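# Coordinate analysis (summary)
In case you want the letters, here they are:
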Amino acid sequence: MTETTEDKQKYKLTHKQADTTIDSPCIGVCTYDESDEFCVGCNRSQEELQNWWIMTKEQKLETLEKLLDR
């Protein structure tokens, strides 16, 4: 298991948030299983976790739709 909370905090300091209308699916676990490459808490991929902060509303909605299939 790999912790991602510290990485997310650093990313937020260096990138402007694109959309604030869609809440993050994060439940505060922020750990992913490297073999599955999805967060144990919210089922987002590493890329989706990192990019959530800078995603547009449309991109966030697409990601949430993908989570339903995981």
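Here's a quick rundown of the structure. Note that the coordinates shown come from a computational prediction; the quantities given were computed from them, not determined experimentally. (Residues numbered from 1 in each chain as written. Predicted model: local features only at pLDDT ≥ 70, side-chain atom pairs only at ≥ 80, totals over all residues. Heavy atoms only, no water.)

## Thoughts on the overall build of the chain
Where we set the bar: Helix and strand definitions here come from DSSP, where helices need a minimum of 4 consecutive H or I residues and strands a minimum of 2 consecutive E residues; each element is numbered from the N-terminal end. Throughout, radius of gyration means the C-alpha value; the globule benchmark is 2.2 Å times the number of residues raised to the power 0.38. Each residue's exposure class comes from its accessible area (1.4 Å probe, protein chains only) as a fraction of the maximum for that residue type: buried when under 20%, exposed when over 50%, partly exposed otherwise. Each accessible area value is a Shrake-Rupley result obtained with a 1.4 Å probe; residue values ignore everything except the protein chains displayed when judging cover. Charged residues are defined narrowly, with Lys and Arg counted positive, Asp and Glu counted negative, and His plus the chain ends left uncounted. All charge positions are set by atom: Lys at NZ, Arg at CZ, Asp at CG, Glu at CD.
When helices and strands are counted, the chain shows 3 helices and 3 strands. Here the C-alpha atoms of the chain give a radius of gyration of 12 Å, agreeing with the 11 Å that 2.2 N^0.38 yields for 70 residues. Across its three principal directions, the C-alpha atoms of the chain cover 30 × 30 × 15 Å. For the chain, with 70 residues in total, the buried portion stands at 29%. Split by element, the accessible area of the chain, about 4,900 Å² in all, is 48% carbon and sulfur. In the chain, 9 side chains carry a positive charge and 15 a negative one; their mean positions are 8 Å apart.

## Brief notes about the environment of Thr56
The test is simple: Any two residues whose heavy atoms approach within 4.5 Å are treated as being in contact.
Within the secondary structure, Thr56 is located in the loop between helix H2 (46–51) and helix H3 (57–68). Along the sequence, Thr56 and Glu34 sit 22 residues apart, while their C-alpha atoms lie 26 Å from each other. In this structure, Thr56 is in contact with Ala18 and Asp19, ignoring residues within four places of it in sequence.

## Quick word on the pattern of salt bridges
So the rule is basically this: By convention in these notes, a salt bridge is any Lys or Arg side-chain nitrogen within 4 Å of a carboxyl oxygen on Asp or Glu.
This structure, assessed with the given rule, holds 2 salt bridges. With a closest N to O distance of 3.7 Å, Asp19 and Lys60 form a salt bridge. One end of the pair, Asp19, is in the loop between helix H1 (5–14) and strand S2 (31–33); the other, Lys60, is in helix H3, with 41 residues separating them in the sequence. The two residues Asp19 and Lys60 agree in class, both being buried. In this structure, Glu48 engages Arg70 in a salt bridge whose closest nitrogen and oxygen atoms are separated by 2.7 Å. Within this pair, whereas Glu48 is found in helix H2, its partner Arg70 is found in the segment after H3, the two being separated by 22 residues in sequence.

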